Amino acid sequence: MLLQQNSIASTICMFSLIFIIFYFFMIRPQVRKQKLEKEFQEGLKIGSYIVTNSGIHGKIIEIKDDFCILEIITGKIKLEKNTISKDLTQLRYGK
């Protein structure tokens, strides 16, 4: 009986350790990245040059609550703020 309880306890400890490792290497960095992306999108200003997730480059000419108007070579487009990529913008424009 004691051996069976020891086996169950070690199994529970092993699964707990796997979950903790999974949390610190997978979940936590992703949540941090999403937070930084959200802060970047909230801090956008008129006149900023950005790149969207789909690769569209342009200059912000108007900002509303959840969307912005982007001036591109062919004219103007309206797009959601969450489509603006922090990583691609920093890579291209170094901001």
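Heads up: the structure comes first, above all this text.
To keep things clear, this report deals only with the structure shown in the data block.

Basis of the calculations
- Residues numbered from 1 in each chain as written.
- Predicted model: local features only at pLDDT ≥ 70, side-chain atom pairs only at ≥ 80, totals over all residues.
- Heavy atoms only, no water.
- Salt bridge = Lys/Arg side-chain N within 4 Å of Asp/Glu carboxyl O.
- Buried < 20%, exposed > 50% of the residue type's maximum accessible area, 1.4 Å probe, protein only.
- Helix = DSSP H or I, 4+ residues; strand = E, 2+ residues; numbered from the N terminus.
- Lys, Arg positive; Asp, Glu negative; His and termini not counted.
- Contact = heavy atoms within 4.5 Å.

**Quick word on the pattern of salt bridges**
Working step 1: The final tally for this structure, using the stated rule, is three salt bridges.
Working step 2: The salt bridge partner of E62 is K64, with a shortest N-O separation of 3.2 Å.
Working step 3: The exposure class assigned to E62 is partly exposed, which follows from its relative accessible area of 33%.

**Quick look at the side chain of K81**
Working step 1: Tracing the backbone shows K81 in the loop between strand 4 (75-80) and helix 2 (86-93).
Working step 2: One buried charged residue, K81, forms no salt bridge at all, with the nearest opposite charge on E42 at 4.4 Å.
Working step 3: Dropping the residues within four chain positions of it, K81 is found in contact with Q41, E42, I63, K64, D65, D66 and F67.

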